[in-house]
Amino acid sequence: MQYKLKIGESIADLEFTPEEKGRFTARVGEETFAGQAHAPQPHRLHVQLDGAPALDVYTAPSAEGLWVWTQGRARLVQDAERTERRTSRRGGGGAKEVTPPTPATVVALTAEVGQRVAKGDALVVVSAMKMEFTLTAPYAGEVTAVNTKVGEKANPGDILVEIAPAEEQSDG
Amino acid sequence: MFEKILIANRGEIAVRIMRTAREMGVRTVAVYSTVDAQALHVLTADEAVCLGDPEPAQSYLHSEKIIAAAKQTGAKAVHPGYGFLAENPAFAQAVVDAGLTFIGPPASVMAQLGDKTQARRLMQSGGVPIIPGMTSADDDPARLAEAAEEIGYPLLIKAAAGGGGKGMRVVQAPGELAAAAKQAASEAKSAFGDGAIYLEKFLAKPRHVEFQILADAHGNVVHLYERECSIQRRHQKIVEETPSPALDDALRARMGEAAVAAAKAAGYVNAGTVEFLLNGDGEFYFLEVNTRLQVEHPITEAITGLDLVRQQLHIAAGEPLSFTQDDIPRRGHAIECRIYAEDPENNFLPSPGKILFHREPTGPGVRLDNGVYTGFEVPVQYDPILGKLVTWAEDRPAAIARMTRALSECVILGVKTPIEYLRAVINAPAFVAGETYTDFLAEHFADWRPDVDADNAARLAYALHETLAPAAAITTGETRREAPSPWQTLGHWHLGK
């Protein structure tokens, strides 16, 4: 079985071969693994690697990928191909949009419809867990819609302020 | 003793207070906001009262509603925990005016100590060393310049009303003073509603060392030794330990005496913490008094064997301390690591969300004061602390090894946590050598990244999970509502206003 797996920004191919009785071999780049694994309880895998200490592994699937805990470290492991498809469907992700980095509450709003903004201008201040973040204009243009109010909740992906790009595309 | 108390807080500290209350046969009342209906403190209490909307001003900061909840349930005393209303003198007074007992110091003492310049004058008169600088606030540029000449550069501008780094500025040279003072005053005004500022000498590379004190209503004051809290990010502690690697018995005795003198000067009653800055020459200076149970109190409990919440309840009930300074043992070494829902790779950006799986560490010398569980949705409205992991062992190296083991056993999936980061911090050569100064994280951990060597084992686990746990296969994720994750949408934002 072939997997293309993403952790953070790093993508690597995993070749995985299941064998009899929970045995397996696997290869990622130069690194090879061989051993035997079983699932003693939900969310838990126990992996006995040949010639190496056993790995106690905990897992939790989510819409974004599989959360994995091993050797005291948490990783979100994503199927890189599926992540790419999703990102391209959304038009290159939210990095060019005015959206909070984490679920938050809007505490201040300076953007107004019709306002001309330069790249980097402050538009919205949101607060999450006692910290404040200023959301800025990702490119120059004119504000065409403000989709929130002070006191409202905002989630990543919610476009709080819509901006029509300036014609000369001064977006660096 | 009180028959029933109300805990005006949430999360791990509310649960921790309830545990001791239960051991003492005291019934507990939780209060909660609508978003916390399934929170652990609500599930732990004997009864619970909903305060209303999640916004703190409508719930955990709403004095009238909290006092009404106490009256309605017949609670006789209110424990404020830390944060929220814990250091609000108006709340402490309102509790007393309602005929209830406030489990903490008197409102008047709290108010005095909350004003930084007033506290400095109080300590100076009580013979407690203070950081050289002004003892009253001033905004006149000429008088500030005059005071600055006397103190010497570099110096620190501080807000009289505040804390947490707001309204604070380091000034390196006379030319910068006027502008920095103006900025600091305006920041203090917006943060605390009071723009009063004062100047202090700036201490390079200090340690933050604090002393736990207990004072009863009969004039008895003891200290329960120190806590070293130099490992801080954004002026917030994340690792604490006791004893401090910087103190010998002589210095400990001198600082302990100063802490007791500080408590006496303030007329302090109940549990409190006297914070000091300690420089490399063994000189220490009063910083402030925290008039509450501290987040990091469990390490003091670990080395003294005393339950601070139990002591707080006895003191609030008017009982005298049942021991003297010489009776207080000190044994072994304890470390606390704070576990927040935040991303250490990303400027400690808060990471609220659902905890998909949680396994609590256990075993010898391990204590987890926890506020969450598998399936709990960490709300966005409050401080991101999830729990505090504390280890105790016979000496410092053993306590570090035990904490390393406990962190490795502490599984939290679904939200980002600093567990891997904390493990790196406590095993860093400078930490192991006891070189803990307040700039420790900035100096050693500014560019920290997770260990990529662990990534391939995680990839292997992905394939094994798909093979061995098909019922929970990840492919089901595709059909769910696709909320983009923060690292897909991270783009144009920065911290602060």
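**Q** I would appreciate a short explanation of the overall build of chain B in the present structure.
**A** Helix and strand content of chain B: 17 helices and 23 strands. Rg of the C-alpha trace for chain B: 23 Å, near the compact-globule value of 23 Å for 497 residues, within the 12% margin. If you line up chain B on its principal axes, its C-alpha atoms span 70 × 55 × 45 Å. Classification of the 497 residues of chain B by burial places 52% in the buried group. The contacts in chain B between residues at least 6 apart in sequence include a share of 64% that link residues at least 24 apart.

**Q** Help me understand the domain arrangement of chain B in this model?
**A** For interface size, the figure often reported is the accessible area lost on association. Considered domain by domain, chain B is made up of domain 1 (4-103), domain 2 (132-201) and domain 3 (207-444). Using C-alpha coordinates to define each centre, domain 2 of chain B is positioned 29 Å away from domain 3 of chain B.

**Q** For this particular structure, what's the right way to read the nonpolar core?
**A** Nonpolar side chains in soluble globular proteins generally cluster together in the buried interior. Counting 151 residues, the largest nonpolar core has Leu 6, Val 78, Ile 213 and Ala 262 of chain B as the members making the most contacts within it. Setting aside its immediate chain neighbours within four residues, Leu 6 of chain B contacts Val 29, Val 31, Ala 69, Ala 70, Thr 73, Ala 75 and Val 78 of chain B.

**Q** Would you take a moment to explain helix H5 (residues 107-114) of chain B for this structure?
**A** Residues lying three or four places apart along an α-helix face the same way, a consequence of the helix completing one turn every 3.6 residues. When we look at burial in H5 of chain B, the residues that qualify are Ala 107, Val 109, Met 110, Gln 112 and Leu 113 of chain B. Lining the buried residues of H5 of chain B we find helix H4 (89-97), helix H6 (116-125), helix H9 (249-266) and strand E13 (284-290) of chain B.

**Q** Help me understand the domain arrangement of chain A, please; the structure alone is not making it clear to me.
**A** One can read the domain layout of chain A as domain 1 (2-89) and domain 2 (104-165). Between the C-alpha centres of domain 1 of chain A and domain 2 of chain A there is a distance of 38 Å.

**Q** Is there a simple way to explain the packing of H6 of chain B against H9 of chain B in this structure?
**A** Helix-helix packing: each pair is described by the crossing angle between the helix axes and the interaxial distance. All names here are of chain B. Between H6 and H9, whose axes approach to 9 Å, the crossing angle comes to 115 degrees. With respect to H9, the axis of H6 lies roughly perpendicular. Crossing angle aside, the handedness with which H6 passes H9 is right-handed. Only Ala 262, Ala 265 and Ala 266 of H9 make contact with H6, whose side of the interface consists of Leu 122, Met 123 and Ser 125. Its residues assigned to classes, the contact of H6 with H9 comprises five nonpolar, one polar and no charged.

**Q** How should the sheet that holds strand E19 (residues 366-370) of chain B be read in this particular structure?
**A** Note: strands within a sheet are paired through backbone hydrogen bonds, in either parallel or antiparallel orientation. Residue and element names in this part refer to chain B. In spatial order, the strands read E13-E12-E9-E10-E11-E14-E21-E19; together these eight strands make up an open sheet with antiparallel pairing. Of all strands in the sheet, those bounded by a partner on one side alone are E13 and E19. Across the sheet, the mean angle from the axis of one strand to that of its neighbour is 25 degrees, orientation sign disregarded. Pairing analysis gives nine bridges linking strand E9 (residues 207-215) to strand E12 (residues 270-278), with the strands arranged antiparallel. Within E12, the residue paired with Leu 214 across the bridge is Ala 271. Against the sheet, helix H11 (residues 308-316) engages E9 and E12, with an angle of about 125 degrees to E12.

**Q** Teacher, can you tell me more about the environment of Gln 212 of chain B here?
**A** Residues and elements named next belong to chain B. If you trace the backbone, Gln 212 turns up in strand E9. With 28 C-beta atoms counted inside 10 Å, the residue Gln 212 sits in the buried group. For the pair Gln 212 and Gly 375, spaced 163 residues apart in sequence, the C-alpha to C-alpha distance is 36 Å. When residues no more than four places from it in sequence are discounted, the contact partners of Gln 212 are His 223, Leu 224, Tyr 225, Arg 227, Thr 273 and Thr 300.

**Q** It is not clear to me how unusual backbone geometry should be interpreted in this structure. Could you clarify?
**A** Looking along the chain, the bond that leaves Tyr 153 of chain B and enters Pro 154 of chain B is cis, with omega of -5 degrees. Its location among the elements puts Pro 154 of chain B in the loop between helix H7 (141-151) and strand E6 (155-159). Put simply, Thr 242 of chain B and Pro 243 of chain B share a cis peptide bond, and its omega is 0 degrees. Note that Pro 243 of chain B resides in the loop between strand E11 (236-242) and H9. Phi at His 43 of chain A is positive, roughly 70 degrees, even though this residue is not glycine.

**Q** Mind showing me how you'd approach the pairing of strand E14 (residues 333-340) of chain B here?
**A** Remark: a regular strand shows side chains that alternate across the two faces of the sheet. All names here are of chain B. Among the eight residues of E14, eight are classified as buried, and the element is accordingly described as predominantly covered. Both faces of E14 are covered, namely the face carrying His 333, Ile 335, Cys 337 and Ile 339 and the face carrying Ala 334, Glu 336, Arg 338 and Tyr 340. Relative to E14, E11 is paired through four bridges, and the arrangement is antiparallel. Bridged to Thr 242 within E14 is Ala 334. Pairing analysis gives eight bridges linking E14 to strand E21 (residues 385-393), with the strands arranged antiparallel. Along E21, the bridge assignment pairs Tyr 340 with Ile 385.

**Q** How should I be thinking about H4 of chain B in this particular structure?
**A** Residues and elements named next belong to chain B. The set of residues buried in H4 consists of Pro 89, Phe 91, Ala 92 and Val 95. Buried residues in H4, looked at end-on, bunch into an arc of 165 degrees, giving them a common side. Across from the buried face of H4, at angles greater than 90 degrees, the exposed residues are Ala 90 and Asp 97. Lining the buried residues of H4 we find helix H3 (63-73), strand E4 (77-79), strand E5 (101-102) and H5.

**Q** Just checking my understanding: could you explain the sheet that holds strand E7 (residues 65-70) of chain A for this structure?
**A** Judged by pairing direction, the barrel is antiparallel, and its eight strands sit side by side in the order E1-E2-E3-E4-E5-E6-E7-E8 (chain A) before closing back on the first. With direction set aside, neighbouring strand axes in the sheet form an average angle of 35 degrees. Where strand E1 (residues 2-7) of chain A lies against strand E8 (residues 73-79) of chain A, three bridges are found, and the strand directions are antiparallel. Counted as the bridge partner of Leu 5 of chain A is Asp 79 of chain A from E8 of chain A. The sheet strands contacting helix H16 (residues 455-468) of chain B are E1, strand E2 (10-18), strand E3 (23-28), strand E4 (31-41), strand E5 (44-49), strand E6 (55-62), E7 and E8 of chain A, and the helix crosses E7 of chain A at an angle near 120 degrees.

Reading guide: rules and limits
- Residues numbered from 1 in each chain as written.
- Chains lettered and ligands numbered in written order.
- Predicted model: local features only at pLDDT ≥ 70, side-chain atom pairs only at ≥ 80, totals over all residues.
- Helix = DSSP H or I, 4+ residues; strand = E, 2+ residues; numbered from the N terminus.
- Rg over C-alpha atoms; globule rule 2.2 N^0.38 Å.
- Buried ≥ 20, exposed ≤ 12 C-beta atoms within 10 Å, placed from the backbone.
- Contact = placed C-beta atoms within 7 Å.
- Domains from an automatic or database assignment.
- Core = buried A, V, L, I, M, F, W, Y, C linked by C-beta atoms within 7 Å.
- Axes fitted to C-alpha atoms, helices over the stretch in contact; angles between N-to-C directions.
- Parallel < 35°, antiparallel > 145°, perpendicular 65-115°, else oblique.
- Left-handed = near helix turned anticlockwise from the far one by under 90°.
- Nonpolar A, V, L, I, M, F, W, Y, C, P; charged D, E, K, R; others polar.
- Pairing = 2+ DSSP bridges.
- Arc of directions from axis to C-beta.

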